[in-house]
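Analysis of the macromolecular model
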Number of protein chains: 2
Amino acid sequence: MPYEPPMAEHRVVIVGGGFGGLNVARELGREPRVSATLVDRRNFHLFQPLLYQVATGALSPGDIAQPLRSILRRNANTTVLLGEAVGLDAEGRRVILSDGGPIPYDTLVVATGARHSYFGHDDWASNAPGLKSIDDAVAIRRRILIAYEAAEREADLERRREWMTFVIVGGGPTGVELAGALGEIANDTLRRDFRSIHPPDSRIILVEALDRVLPPYPPDRSASARRQLERLGVEVRTGTRVIGMDDRSVRVLIGDREETIPCRTVLWAAGVQASSFAHAVAVAAGVETDRAGRIVVGRDLTVPGHPEIFVIGDAAVQPWRGDRPVPGVAQGAIQPGHYVGKVIRARLAGRPVGPFRYRDKGDVAVIGRLSGVTNIGWLGPFGRQGGFVAWLLWLVIHIFYLIGFANRIVVVVRWAWSFVTSGRGTRLITGTPLLPPIAEPAPPAWEPGDDVSGGEPG
Amino acid sequence: MPYEPPMAEHRVVIVGGGFGGLNVARELGREPRVSATLVDRRNFHLFQPLLYQVATGALSPGDIAQPLRSILRRNANTTVLLGEAVGLDAEGRRVILSDGGPIPYDTLVVATGARHSYFGHDDWASNAPGLKSIDDAVAIRRRILIAYEAAEREADLERRREWMTFVIVGGGPTGVELAGALGEIANDTLRRDFRSIHPPDSRIILVEALDRVLPPYPPDRSASARRQLERLGVEVRTGTRVIGMDDRSVRVLIGDREETIPCRTVLWAAGVQASSFAHAVAVAAGVETDRAGRIVVGRDLTVPGHPEIFVIGDAAVQPWRGDRPVPGVAQGAIQPGHYVGKVIRARLAGRPVGPFRYRDKGDVAVIGRLSGVTNIGWLGPFGRQGGFVAWLLWLVIHIFYLIGFANRIVVVVRWAWSFVTSGRGTRLITGTPLLPPIAEPAPPAWEPGDDVSGGEPG
């Protein structure tokens, strides 16, 4: 079939297929004057808010991801391109890809999100993986499960204790949800799965530098979250900073007291920074970024001096209340996505558009299996829930926003089933390495019937 | 919690958690005189017959795998151990693990299955991945999807053609099912997903050295399978042998005529050989193996001279009809698994047990989305189906045998949905590498509006 480029007046290039970029493309889907190109390093849209559920074995990657091509199949004016944007020619209006390209644009939308930041300690990355991609989630899942397998085989009680100690760095929503899920795994999921270890003996430590967890929430919600975490056996260490780590321990600073926590598994949920493409854009367009490398945009979400370049979501500092920017949650990308799509269409129609206004729909965090906290202003007092009601709200909201009808049913089925069995069906250890080498090959503690004389088969 | 070894008279070590080993463990689950240890390199049981569905994006790994620990949770006498058995001390009756161990046994069950064999051309492995593990399936899925992404971006028509050519080596059930699934992907799933390529133009070639596909089936079933494959646009090349390959082509021999097929994606579904542990067992026990390294066992599935060592499933040549051994299908491991469990219990009770008798339950292969072939002797004429009825039989049988209630529902939901949308929801490209480097960075063919003057944003 000979290739026929779509007829178009206006070429829009969207970099990033997350909540922001995807909603720009959808908003432009029925705009005949536009030909849109969505560039992403991955061929799928990822439902980030449930990523920690993959990391903890409750869901499969396929449950929370959908191919971008199938989501945008009916947008005849949209081309999906698997590729990595590495540079920008702001004057020539071209995006440079790592291979192939460049892609010319009339309007550019930068929606490349964020990756985790180790605050200058990039050497911690190998010890403390963060949770941003499907591959991160699968790697974390492997680490958690292998830790228990290694503990089961470890004869030395002290080393076994190290394997059963988990430190989560960062008390924001991701850290809280990870800690809650780990608490559930230790107390319910794996409770009866092992023979020589008792998973509820696991030590799960949540480390937060500030004085409370869930800083964006009001203090009473934070207190509620802390109580629920502690009920799951999680040690919540607020006012505690991580100052070092290796593959057997984490060093923390509480006030001016230093402490070393022996542990084999550290998960990073602390800082984020804008993607490297955002940096390239800032340099090329000569604009300001904040400490996290996010581009400071105007009230119309464009880059100062470049009305044809929009930056949205975690890659941008989007104005909201006075000096407080739009928070780094899904809604903080979804709403700008729709807004930018509308702006582009309005410009083509010669209509004026007002500045972007963020509507705070509130926050929900789930803690463990059947509890959580909410902070939903527009629901009034009812919006401030803890425990089961919060969890229900969370479930409804997330199922509702999950893209792909089959995914919704599948996710509901998996969860319904995991509540019946308190199991996590997809806790698979895939990929390599298989197991970390055990210090000395001592006969494993579990060795069956070792003090029993074996009977001869008849 | 201090470790207490299970009281037991008789220590059974089962190596391998596939269909064979798992069913031995289940059979022994309620036998108080036994303490069983199941050793596997993976922490999950894999439902092999649906593996190609993961490789082709219809199912997630989590849908066809279940953690061994949760399957065997209620077998208080059973310990699941994540580890790799690498050696056997037949005299000392101990299994040697790659790290930790050794594990003493009174009875050993070897159920380590098979891996693929390149007939001495192990250098082909990197070009032509086989399909035995979850990781294989995810890697193949990545290759197939990246091939289309690369074709979409490839300006050169010849190179694009290479990306859209797929060669499957081996016309057995796996090869036929892979070819059928690829045909479906090209004709239905991806049909409307791309802008510069037309997926139904893909070339899918199934290469089989013998004179027909599905050799184990009667000739008329093979003919039916061939017709159904060709209806999906698959080129079926029987009497054709692969004699060489590199990353841009496959060389085949048809009779004495040599031909080179330019293609970027080759999938290996040809030969299998017994696992390396089976080899170690054969050496240690000093017993005979066949060309594929499978251990020749007696009518009670034990190794000659070692009544305490059973070998079952793909690791063994299990006697059936005269010189014809039990076929390498799921039933060929499930039935021996139950048999061995019964034998061990009977020996402990001093009861005699007859030799193993394999009941041929017949074969079913699915081809594409709604068709297949069956060869089920005990169903009489009805057992010889083609097309939709065969596919229905296949669906029922596989859902029925799939372990884990949630998985069954999830799989049904995914399939039901994929029939409505003719989509394959879990076609995710995970892991690295992202994309193969494109020969020269020519401006990609899809570049939108390149012959259209871009209008200035208003």
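Along each chain, residue indices are assigned from 1 in the same order as the chain's sequence is written. Following the order in which they are written, the chains are lettered starting with A and the ligands numbered starting with 1. Residue-level local features of this predicted model are given only where pLDDT is at least 70; pairs of side-chain atoms are given and counted only at 80 or more, and the full residue set underlies all totals for whole chains, interfaces and linings. Side-chain calculation: all heavy atoms of the structure are included, whereas hydrogens and water are not.

As a further point, take the overall build of chain A. Runs of H or I in DSSP of at least four residues are treated as helices and runs of E of at least two as strands, each being numbered from the N terminus. For chain A, the count of helices and strands is 11 helices and 26 strands. Just to be clear, the radius of gyration here is over C-alpha atoms, and the globule rule we use is 2.2 Å times residues to the power 0.38. Over its C-alpha atoms chain A spans a radius of gyration of 24 Å, differing by no more than 12% from the 23 Å that the globule rule assigns to 458 residues. In terms of overall dimensions, chain A has C-alpha extents of about 85 × 55 × 40 Å along its principal axes. Here the term buried applies to any residue with accessible area under 20% of the maximum for its type, exposed to any over 50%, and partly exposed to those in between, with areas from a 1.4 Å probe on protein chains only. By residue count, 60% of the 458 residues in chain A fall in the buried class. Long-range contacts, defined as pairs at least 24 residues apart, comprise 64% of the intrachain contacts of chain A with a sequence gap of at least 6. Method for areas: the Shrake-Rupley scheme with a 1.4 Å probe, in which residue coverage is limited to the protein chains shown. Taken as a whole, chain A presents about 17400 Å² of accessible surface, with 54% of it coming from carbon and sulfur. All tallies of charge rest on Lys and Arg as positive and Asp and Glu as negative; His and the ends of each chain are not included. For this purpose, a charge sits on NZ of Lys, CZ of Arg, CG of Asp or CD of Glu. Within chain A, one finds 53 positive and 49 negative side-chain charges whose respective centroids are separated by 8 Å. Any two residues whose heavy atoms approach within 4.5 Å at even a single point are treated as in contact.

Let us now look at the domain arrangement of chain A. Residue and element names in this part refer to chain A. For the domain bounds, the source is a domain assignment made automatically or taken from a database. By the assigned domains, chain A splits into domain 1 (10–41 + 83–116 + 272–349) and domain 2 (122–270 + 363–421). Distance between the C-alpha centres of domain 1 and domain 2: 32 Å. Domain 1 puts 8 residues into the contact, and the matching count from domain 2 is 9 residues. It is His-116, Val-272 and Gln-331 in domain 1 that bury the most area against domain 2; as a group they hold 54% of the surface buried on that side. Each of two parts loses accessible area, computed with a 1.4 Å probe, when they are put together; buried area is these two losses added.

Residues and elements named next belong to chain A. Paired strands, as defined in this entry, are two strands with at least two bridges between them according to DSSP. Sheet architecture is open: 3 strands sit in the order 6-7-8, paired in antiparallel fashion. Edge strands, defined here as strands with exactly one partner in the open sheet, are strand 6 (85–89) and strand 8 (103–104). On the sheet, helix 8 (residues 276–285) packs against strand 6 and strand 7 (94–97) and is oriented at approximately 10 degrees with respect to strand 6. To get an axis, fit a line to the C-alpha atoms, keeping to the stretch in contact for a helix; angles then go from 0 to 180 degrees between the N-to-C directions.

Turning our attention to the sheet that holds strand 14 (residues 240–246) of chain A. All names here are of chain A. Reading across the sheet, the 3 strands line up as 14-15-16 and stay open at both edges, with antiparallel pairing between neighbours. Strand pairing shows two members of the sheet lacking a second neighbour, strand 14 and strand 16 (257–262), which therefore form its edges. The mean inter-strand angle of the sheet, taken between neighbouring strand axes irrespective of direction, is 25 degrees.

Another aspect to go through is a nonpolar patch on the surface. Residues and elements named next belong to chain A. The patches reported here contain residues having more than 30% relative accessible area and no salt bridge. Joining distances are 9 Å for like charges and 5 Å for nonpolar side chains (Val, Leu, Ile, Met, Phe, Trp, Tyr). Definition used for salt bridges: Asp or Glu carboxyl oxygen within 4 Å of a side-chain nitrogen of Lys or Arg. Judged by side-chain polarity, Leu-370, Phe-388 and Leu-392 come together as a nonpolar surface patch covering roughly 250 Å² of accessible area. Along the chain, Leu-392 falls in helix 10 (residues 388–401). On the basis of relative accessibility, which here comes to 36%, the residue Leu-392 falls in the partly exposed class.

Time to look at the packing of aromatic side chains. All names here are of chain A. Two rings from Phe, Tyr or Trp (for Trp, the six-membered ring) form a pair when their centres sit within 6.5 Å of each other. Planes less than 30 degrees apart are called stacked, planes more than 60 degrees apart edge-to-face, and all others tilted. Using the criterion set out here, one finds 18 aromatic pairs over all chains in the structure. A centroid spacing of 4.7 Å and a plane angle of 35 degrees characterise the contact between Tyr-118 and Trp-268, whose relative ring orientation is tilted. A residue pair is termed long-range when its members are at least 10 positions apart, and Tyr-118 in the loop between strand 10 (114–117) and helix 4 (134–153) and Trp-268 in strand 17 (residues 265–268) qualify at 150 residues. Side by side, Tyr-118 and Trp-268 carry an identical accessibility label, which is buried. Residues Trp-320 and Tyr-358 carry aromatic rings whose centres are separated by 5.1 Å and whose planes lie at 90 degrees to one another, so their mutual orientation is edge-to-face. One end of the pair, Trp-320, is in strand 23 (residues 319–321); the other, Tyr-358, is in the loop between helix 9 (331–349) and strand 25 (363–367), and 38 residues separate them in sequence. Across the pair, exposure class does not vary: Trp-320 and Tyr-358 are buried alike. Taken together, the aromatic side chains of Tyr-118, Phe-119, Trp-124 and Trp-268 make up a single cluster linked through ring pairs. Remark: a charge is flagged as sitting over a ring if the NZ atom of Lys or the CZ atom of Arg is within 6 Å of the ring centre and within 35 degrees of the ring normal. One Lys or Arg, Arg-264, reaches over the ring of Trp-163 and ends 4.4 Å from the middle of that ring.

Pairing between side chains of opposite charge can happen when the charged atoms of each approach one another. Counted under the stated rule, the structure contains 43 salt bridges over all chains. As a salt-bridge pair, Glu-235 of chain A and Arg-203 of chain A come within 2.7 Å of each other at their nearest N and O atoms. Of this pair, Glu-235 of chain A sits in strand 13 (residues 234–237) while Arg-203 of chain A sits in strand 12 (residues 203–207); the two residues are 32 residues apart in sequence, bridging distant segments of the chain. Salt-bridge contacts for Arg-384 of chain B lead to Asp-220 of chain B; the nearest nitrogen and oxygen are separated by 3.0 Å. Of this pair, Arg-384 of chain B sits in the loop between strand 26 (371–375) and helix 10 (388–401) while Asp-220 of chain B sits in helix 7 (residues 219–231), and the two are 164 residues apart along the sequence. A relative accessible area of 33% means that Asp-220 of chain B is categorised as partly exposed. Linked through salt bridges whose partners overlap, the residues forming this network are Arg-203, Glu-235, Arg-237, Arg-257 and Glu-259 of chain A.

Before going further, it helps to spend a moment on the side chain of Glu-184 of chain A. Residue and element names in this part refer to chain A. With respect to the element layout, Glu-184 can be found in helix 6 (residues 173–189). We classify Glu-184 as buried; its relative accessible area is 6%. Residue contacts for Glu-184: discarding those within four places in its chain leaves Thr-189, Leu-232, Gly-368, Arg-369 and Arg-424.

Inspection of the secondary structure assignment puts Leu-72 of chain B in the loop between helix 3 (68–71) and strand 5 (78–82). A relative accessible area of 0% places Leu-72 of chain B in the buried class. Separated by 27 residues in the primary sequence, Leu-72 of chain B and Asp-99 of chain B place their C-alpha atoms 23 Å from one another. Those residues in contact with Leu-72 of chain B that sit more than four places away from it in its chain are Arg-195 of chain A together with Leu-22, Ala-25, Arg-26, Leu-38, Thr-78 and Val-80 of chain B.

All names here are of chain A. Residue-level confidence of the predictor, termed pLDDT, takes values from 0 up to 100. Per-residue pLDDT for chain A averages 87, and the proportion of residues at 70 or more is 91%. The model gives residues 1–5 a pLDDT under 50, and that stretch makes 14 contacts with residues more than four places away or in other chains. Low confidence marks residues 437–458, where pLDDT is under 50. Its contacts with residues over four positions away, or in another chain, come to 53 contacts. Complex prediction metrics read pTM 0.85 and ipTM 0.81.

Residue and element names in this part refer to chain B. Within the fold, Phe-166 resides in strand 11 (residues 165–169). For Phe-166, a relative accessible area of 0% corresponds to the buried category. For the pair formed by Phe-166 and Leu-267, sequence separation is 101 residues and the distance between their alpha carbons is 7.8 Å. Those residues within four positions of Phe-166 in sequence are excluded, and the remaining contacts are Ile-144, Ala-147, Tyr-148, Leu-182, Ser-202, Arg-203, Ile-204, Ile-205 and Thr-265.

This part covers the side chain of Thr-165 of chain B. The residue Thr-165 of chain B is located in strand 11 in this model. Residues within four places of Thr-165 of chain B in sequence aside, it is in contact with Arg-203, Ile-205, Ile-261, Pro-262, Cys-263, Arg-264 and Thr-265 of chain B.

Turning next to unusual backbone geometry. A positive phi angle, near 50 degrees, is found at Phe-119 of chain A, a position not held by glycine. Backbone geometry at Leu-214 of chain B places phi at a positive 50 degrees, although glycine is not the residue there. Positionally, Leu-214 of chain B belongs in the loop between strand 12 (203–207) and helix 7.

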